[in-house]
Amino acid sequence: MKISSLKDIEAWEFLEALKAFSKKEYDLSIENIKKVKEKFPWFYANWKLEGKIYKNIGDDFLQKGEKEKAMEYFKKAESVFNEILKERECAPEIYRFLSSIYLSEMDLKIYQGSVSPEDCFKKIEDNFEKLLK
């Protein structure tokens, strides 16, 4: 599958997904993203939005103190962004999104107290190295 962008895409579901995202209606947004993926699996913006949604859901759970749920959604976001990188190696914004996930994971680990956030530092460092290549 080739992930790319398209200027004139006829996918109202994507616009609905964006609208729902802006209102923090994440379930509706994900539902529309899945519809767009069925029609246009290569549509780059759709993948980015999906990753952002999972990251935001994880942040919401983190703010509520639901650490396991937060980590579950951070992993989902990471998976989506890594899938993009399989197709688009040169995607600086994706490395930025991944780094923001790792920063949130670091907050989670610091919040837990007993777990070292060192692996998060390493992941962020690896992202910057990839960006500089």
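Residues numbered from 1 in each chain as written. Predicted model: local features only at pLDDT ≥ 70, side-chain atom pairs only at ≥ 80, totals over all residues. Heavy atoms only, no water.

**Student:** Now, about the pattern of salt bridges: what can you tell me, with residues and values included?
**Tutor:** Pairing is possible between side chains that carry opposite charge, provided their charged atoms lie close to one another. Across all of its chains, the model carries eleven salt bridges by this definition. Its salt-bridge partner being Lys-39, residue Glu-13 comes within 3.0 Å of it at the nearest N-O pair. Residue Glu-13 is located in helix H1 (residues 12-22), and its partner Lys-39 is located in helix H2 (residues 26-39); the two are separated by 26 residues in the primary sequence. When its relative accessible area of 18% is taken as the criterion, Glu-13 is described as buried. A relative accessible area of 45% means that Lys-39 is categorised as partly exposed. (Salt bridge = Lys/Arg side-chain N within 4 Å of Asp/Glu carboxyl O. Helix = DSSP H or I, 4+ residues; strand = E, 2+ residues; numbered from the N terminus. Buried < 20%, exposed > 50% of the residue type's maximum accessible area, 1.4 Å probe, protein only.)

**Student:** I'd love a proper account of the packing of aromatic side chains, names of residues and values included.
**Tutor:** For the structure on display, the rule yields seven aromatic pairs. For the pair Trp-42 and Phe-43, a centre-to-centre distance of 6.4 Å together with 80° between the ring planes defines the contact as edge-to-face. For Trp-42, a relative accessible area of 26% translates into the label partly exposed. Ring centres of Tyr-54 and Tyr-73 lie 6.1 Å apart, and the angle between their planes is 40°; this geometry places the pair in the tilted category. With Tyr-54 in helix H3 (residues 44-64) and Tyr-73 in helix H4 (residues 67-87), this residue pair connects regions lying 19 residues apart in the sequence. In this structure, Tyr-54 and Tyr-73 share a single accessibility class: buried. Put simply, the rings of Phe-14, Phe-40, Trp-42 and Phe-43 touch in pairs and so form one group of aromatic residues. The ring of Trp-47 carries the charged tip of Lys-37 above its face, separated from the ring centre by 4.0 Å. Here Arg-96 stacks its cationic end above the ring of Phe-97, 4.9 Å away from the centre of that ring. (Phe/Tyr/Trp six-rings, centres within 6.5 Å; stacked < 30°, edge-to-face > 60°. Lys NZ or Arg CZ within 6 Å of the ring centre and 35° of its normal.)

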